[in-house]
Amino acid sequence: MLRDSFSPVVLVALVMVLVGFGFKVAAVPFHLWAPDAYQGAPSSAAALVASASKLAGFAFFLRLLWPGLHSLAGDAAALPLAAGWMPVVAVLSLGSLFVGNLGALAQTNVRRLLAYSAIAHAGVMLLGIIAAGEAGVGPLFYYAATYGLATVGAFGVVSVIERDAPCQKLTDLAGLWKRSPLLALTLFVFVLSLAGVPPLAGFFGKFAVFAAVLKLNGLGGPAGWLAILAIAFSAVALYYYLAILKQALVAGPAKDAKRIPVPALPALSLVLCAALLVVLGVFPSLILSRL
């Protein structure tokens, strides 16, 4: 049953807000634009959409839902569910985790793989929104910041490669460790951080969000079940992330492949992003304690 305070006008407004936000962050079922946009856009534009634009959407949505619409939150942490926006966000998270991770498994295009990866990460960040009412903004913002760094770095590597050669298919990364050791090393850091491998920052971002969700009510409700499902999907994600690293670090380069020159400024930017992911992974309290 809906609460008495849920007037028809409020319901329509809330649905519109959730739809608009879902489209902004590419949450399922509003994600269909993301793979094509990531594949067709210039690398810099794709990086902006995948990181800063998405993270700004999450920040705005968090501010709108908890301070502004707290009375309409409902409950997704315990059974029986209380009607509100929180159960809807839980459903969006569930769909994003399934479609993002399973869709990424089928990709042979590196950009589309990163797009489906972004959808899966949106599912985890939606869990961070559910937990923010009790845990605060720290877990979500730490996760979002580290995800943004890794995503910008991954697209940065793609952008440098595309200066001299195409970089659409996973096989276009073949032999990257010989063609440019710097690009291979930084891509290694970015991909493993996205996969949530310790001691990189991506691991502690996932740990912070999952711990915050499980503290709500353990496994006593859908939020806790979603956290366990997201942990299981992390193993699935590791498979398709390793497909990227297999081409970059294990496969040999094509016979006509040339070395990839890396200009000083892009090289400095990539090294800085990779270093931040390592430092924030080793010392996560640098951000978490201040949030």
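Below you will find a few notes about this structure. This one's a predicted model, so the numbers in the text were calculated from it and none came from an experiment.

Okay, the side chain of Thr-146 next. In this fold, Thr-146 is placed in helix H6 (residues 138-161). Apart from the residues within four sequence positions on either side, Thr-146 is in contact with Ala-201, Gly-202, Leu-277 and Leu-280.

Turning our eyes to something else, we now look at the pattern of salt bridges. Between side chains of opposite charge, a pair can form as their charged atoms come close. Enumeration according to the criterion identifies two salt bridges in this entry. Between Asp-36 and Arg-112 there is a salt bridge whose closest N-O contact spans 2.8 Å. Placement of Asp-36 in helix H2 (residues 33-40) and of Arg-112 in helix H5 (residues 110-135) is noted, with a sequence separation of 76 residues between them. In this structure Arg-112 comes out as buried when scored by relative accessible area, which is 19%. Across the pair Arg-111 and Glu-162 runs a salt bridge whose closest N-O atoms are separated by 3.1 Å. Placement of Arg-111 in helix H5 and of Glu-162 in the loop between H6 and helix H7 (176-179) is noted, with a sequence separation of 51 residues between them. Assessed through its relative accessible area of 2%, Arg-111 is described here as buried.

To continue, consider empty space enclosed by the protein. Under the defined criterion, the tally for this structure stands at four cavities of 30 Å³ or more. For the largest cavity, the calculated volume is near 100 Å³. Every element with two or more residues in the lining of the largest cavity is listed here: helix H4 (85-105), H5, helix H9 (201-217) and helix H10 (222-250). If one sorts the elements of the lining of the largest cavity by residue count, H10 sits on top with six residues. Residue classes in the lining of the largest cavity are distributed as 11 nonpolar, three polar and one charged. Estimated volume of the second largest cavity: approximately 50 Å³. Lining of the second largest cavity is provided by Val-110, Leu-114, Ala-154, Val-158, Leu-173, Leu-187, Val-191 and Ile-244. Only H5, H6 and helix H8 (181-195) provide two or more residues apiece to the lining of the second largest cavity. Here the lining of the second largest cavity is composed, by residue class, of eight nonpolar, no polar and no charged.

A full pass over the atoms with the stated rule returns nine aromatic pairs. Taking 3.5 Å as the distance between ring centres and 10° as the angle between the ring planes, the aromatic pair formed by Phe-21 and Phe-61 counts as stacked. Separated by 40 residues along the polypeptide, Phe-21 in helix H1 (residues 8-24) and Phe-61 in helix H3 (residues 43-69) bring together distant segments of the chain. As far as burial versus exposure is concerned, Phe-21 and Phe-61 are alike and both buried. Both rings, one in Phe-23 and one in Trp-33, keep their centres 5.7 Å apart while their planes meet at 40°; by these two values the pair is tilted. Taken together, the residues span a long stretch of sequence, with Phe-23 in helix H1 and Trp-33 in helix H2 at a distance of 10 residues. On the basis of relative accessible area, Phe-23 is assigned to the partly exposed category, the value being 49%.

The next thing to look at is the nonpolar core. Residues Trp-85, Ile-129 and Leu-176 are the most contacted members of the largest nonpolar core, which totals 93 residues. Per-element accounting of this core gives the leading share, 17 residues, to H5. Aside from chain neighbours lying at most four places away, what touches Leu-176 is Val-157, Ile-161, Pro-181, Leu-183, Ala-184, Leu-187, Gln-247, Ala-248 and Ile-260.

Let's shift gears to a nonpolar patch on the surface. Taken together, the side chains of Leu-79, Leu-81, Leu-219, Trp-225, Ile-228 and Ile-231 present a nonpolar region at the surface, about 580 Å² in accessible area. Turning to its location among the elements, Leu-219 is positioned in the loop between H9 and H10. Residue classification places Leu-219 among the exposed residues on the basis of a relative accessible area of 52%.

Here the focus is the packing of H4 against H5. Packing of H4 against H5 leaves a shortest axis separation of 7 Å and a crossing angle of 155°. For the element pair H4 / H5, the angle class is roughly antiparallel. Note on packing geometry: the crossing formed by H4 with H5 is left-handed. In terms of residue class, the contact of H4 with H5 is built from 17 nonpolar, seven polar and no charged.

Cut-off values and rules
- Per chain, residues are indexed from 1 in the order of the written sequence.
- Local features in a predicted model are, by the rule used here, given only for residues with pLDDT of at least 70; side-chain atom pairs are given and counted only at 80 or more, and totals for whole chains, interfaces and linings are based on all residues.
- Only hydrogens and water are set aside; all other atoms, that is, all heavy atoms of the structure, feed into the side-chain values.
- A run of DSSP states H or I qualifies as a helix once it reaches four residues; a run of E qualifies as a strand once it reaches two. Both are numbered from the N-terminal end.
- In what follows, residue pairs with any heavy atoms lying within 4.5 Å of each other are defined as contacts.
- Each reported salt bridge corresponds to a side-chain nitrogen of Lys or Arg within 4 Å of a carboxyl oxygen of Asp or Glu.
- Note on classification: 1.4 Å probe, protein chains only; a residue is buried when its accessible area is under 20% of the maximum for its type, exposed when over 50%, partly exposed between these limits.
- Both cavities and pockets are sets of points on a 1 Å grid over the protein atoms alone; in a cavity a 1.4 Å probe fits but cannot get out, in a pocket the set is open with protein on both sides within 12 Å along at least five of seven lines, and lining residues sit with an atom within 4 Å of a point.
- Grid points are joined across faces, edges and corners, and a volume is the space filled by probe spheres set on the points.
- Charged residues are taken to be Asp, Glu, Lys and Arg, nonpolar residues to be Ala, Val, Leu, Ile, Met, Phe, Trp, Tyr, Cys and Pro, and polar residues to be all remaining types, Gly included.
- Working definition: rings of Phe, Tyr and Trp (its six-membered ring) pair if their centres are within 6.5 Å, and the pair is stacked with planes under 30 degrees apart, edge-to-face with planes over 60 apart, and tilted otherwise.
- Take the buried Ala, Val, Leu, Ile, Met, Phe, Trp, Tyr and Cys residues and link them wherever side-chain atoms come within 4.5 Å; each set so joined is a nonpolar core.
- Note that patches include only residues with greater than 30% relative accessible area and no salt bridge, and the join distances are 9 Å for like charges and 5 Å for nonpolar side chains (Val, Leu, Ile, Met, Phe, Trp, Tyr).
- In these tables, accessible area is a Shrake-Rupley quantity obtained with a 1.4 Å probe, and a residue counts as shielded only by the protein chains included in the view.
- The convention used is that axes are lines fitted to C-alpha atoms, helices contributing only their stretch in contact, and that angles between N-to-C directions extend from 0 to 180 degrees.
- Here roughly perpendicular refers to angles of 65 to 115 degrees, roughly parallel to angles under 35, roughly antiparallel to angles over 145, and oblique to all remaining angles.
- Two helices crossing with the near one rotated counterclockwise from the far one by less than a right angle form a left-handed crossing, whereas a clockwise rotation gives a right-handed crossing.

By themselves, these observations are geometric and do not establish any function.
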